[in-house]
Amino acid sequence: MKSVAAFSTLLAYAAAQTTYFGVISSRSASPIHLLPLQANGGKFFLGGTASGYCPSEAIGDETCAHYPGNSTTFAGGDVSLSLGVVVPGGQQVYVAPDGTLSYTQAHSAFVPEGSVRTGWNKTERNDGSNLGSLSFEGGLVACPRNETQPWQVYGQIENFTAPEGCLGFGAVTYTASDAAAWQY
Ligand SMILES: *[C@@H]1O[C@H](CO)[C@@H](O)[C@H](O)[C@H]1NC(C)=O
Ligand SMILES: *[C@@H]1O[C@H](CO)[C@@H](O)[C@H](O)[C@H]1NC(C)=O
Ligand SMILES: *[C@@H]1O[C@H](CO)[C@@H](O)[C@H](O)[C@H]1NC(C)=O
Ligand SMILES: *[C@@H]1O[C@H](CO)[C@@H](O)[C@H](O)[C@H]1NC(C)=O
């Protein structure tokens, strides 16, 4: 147990060095204006909840209580983008060959061949706010899905053609104080 406590302290220290941020969609006068970008089941959606998970048997209830996992934060955004997670090794964001915005599973760096891992650019507003913007080369679109996950997010990579009904959107960032999940 002692080593787990030491490990948690180390993680807390590591977390303090990282800047985490949440992402909100922006497309005025549309149904996808101001919805949170959420990680769920390996993909991303606008609105709804996040599928965060914390292995409390291994990590402990006390540590897990800090990471409810019902919202989504990110880290990086300079060329590459990661999820804001505590799990060792992190979780990388990529655009799969079918255009779906996706993330790696915890404890794995696997991404399908033909995926795009770069093209991100996060910039800050110089207005004293904690807001900024995040762009993906080619742009981001949200496509209608179903009642539970109304809008699925895609990155417009080469050879991806957004089906009719999809809407492009801008991504507004806000600084978050910590990772929101142990892992997704
Ligand atoms: C997430 O869960 C925590 C703890 O249960 C709760 O306090 C918080 O309001 C929830 N946040 C969202 C965005 O649902
Ligand atoms: C990132 O975006 C900013 C603001 O639009 C721009 O000035 C900068 O050149 C971009 N950086 C890259 C690497 O594209
Ligand atoms: C909604 O779409 C998501 C993403 O494709 C899928 O995982 C989920 O099972 C769907 N839910 C229903 C109720 O069809
Ligand atoms: C796009 O499609 C063309 C034609 O099928 C193919 O030659 C090319 O390799 C594809 N590009 C990517 C990045 O998959």
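Source: prediction; values computed, not measured. (Residues numbered from 1 in each chain as written. Chains lettered and ligands numbered in written order. Predicted model: local features only at pLDDT ≥ 70, side-chain atom pairs only at ≥ 80, totals over all residues. Heavy atoms only, no water.)

K.L.:
Tell me about the environment of Leu 134, residues and numbers included.
P.N.:
Mapped onto the elements of the fold, Leu 134 is located in strand S8 (residues 131-136). Taking C-alpha positions, Leu 134 is 21 Å from Asn 70, a pair spaced 64 residues apart along the chain. (Helix = DSSP H or I, 4+ residues; strand = E, 2+ residues; numbered from the N terminus.)

K.L.:
I'd love a proper account of the pairing of strand S2 (residues 37-40), names of residues and values included.
P.N.:
Here S2 shows no split at all, with Leu 37 and Ala 39 on one side and Gln 38 and Asn 40 on the other all buried. Sheet topology note: the S2/strand S3 (residues 43-46) ladder contains 4 bridges and is antiparallel. Bridge pairing links Leu 37 to Leu 46 in S3. Remark: 2 residues form the turn of the hairpin made by S2 and S3, two consecutive strands paired antiparallel; Gly 41 in that turn has positive phi of roughly 60 degrees. (Buried < 20%, exposed > 50% of the residue type's maximum accessible area, 1.4 Å probe, protein only. Pairing = 2+ DSSP bridges.)

K.L.:
Account for the side chain of Ser 25, with residues named and values stated.
P.N.:
Relative to the elements of secondary structure, Ser 25 occurs in strand S1 (residues 20-26). Judged by its relative accessible area of 1%, Ser 25 falls in the buried class. Within polar-contact distance, the side chain of Ser 25 engages the backbone oxygen of Ile 32 at 2.6 Å. Not counting the four nearest positions on each side in its chain, Ser 25 is found in contact with Ile 32, His 33, Leu 34, Leu 35, Leu 46, Phe 169 and Gly 170. (Polar contact = N/O pair within 3.5 Å; in protein donor to acceptor, adjacent residues only side chain to side chain. Contact = heavy atoms within 4.5 Å.)

K.L.:
Break down the environment of Ala 171 for me, citing the residues and quoting the values.
P.N.:
Mapped onto the elements of the fold, Ala 171 is located in strand S11 (residues 167-176). Considering only alpha carbons, one finds Ala 171 and Asn 121, 50 residues apart in sequence, at a separation of 11 Å. Setting aside its immediate chain neighbours within four residues, Ala 171 contacts Val 23, Ile 24, Gly 132, Ser 133, Leu 134 and Leu 140.

K.L.:
Now, about the packing of aromatic side chains: what can you tell me, with residues and values included?
P.N.:
What describes a pair of aromatic rings is the distance from one ring centre to the other and the angle between the planes of the rings. With the rule as written, the count across this model stands at 7 aromatic pairs. The side chain of Lys 122 reaches across the aromatic face of Phe 21, ending 4.6 Å from its centre. (Phe/Tyr/Trp six-rings, centres within 6.5 Å; stacked < 30°, edge-to-face > 60°. Lys NZ or Arg CZ within 6 Å of the ring centre and 35° of its normal.)

K.L.:
Lay out the pattern of salt bridges in plain terms, naming residues and giving numbers.
P.N.:
A side chain with one charge may pair with a side chain of the opposite charge, provided their charged atoms come close. The full count for this structure, using the stated rule, is 1 salt bridge. Residues Lys 122 and Glu 124 are paired through a salt bridge, measuring 2.3 Å at the closest nitrogen-oxygen approach. Residue classification places Lys 122 among the buried residues on the basis of a relative accessible area of 19%. Judged by relative accessible area, which is 45%, Glu 124 ranks as partly exposed. (Salt bridge = Lys/Arg side-chain N within 4 Å of Asp/Glu carboxyl O.)

K.L.:
Lay out unusual backbone geometry in plain terms, naming residues and giving numbers.
P.N.:
Trans is the prevailing form of peptide bonds, just as negative phi is the prevailing case for residues other than glycine. One non-glycine residue, Ala 29, adopts positive backbone phi at about 55 degrees. Structurally, the position occupied by Ala 29 is in the loop between S1 and S2. Look at Val 79: it is not a glycine, yet its phi comes out positive at around 75 degrees. Note on placement: Val 79 falls in strand S4 (residues 74-83).

K.L.:
Go over the nonpolar core, please, and point to the residues and values.
P.N.:
Counting residues in hydrophobic clusters, the biggest one holds 47 residues, and the most contacted among them are Phe 44, Leu 46, Phe 74, Leu 83, Val 93, Trp 120 and Tyr 184. Leave out the neighbours within four places in its chain, and Val 93 touches Phe 44, Phe 74, Leu 81, Ser 82, Leu 83, Leu 101, Ser 102, Tyr 103, Arg 117 and Trp 120. (Core = buried A, V, L, I, M, F, W, Y, C linked by side-chain atoms within 4.5 Å.)

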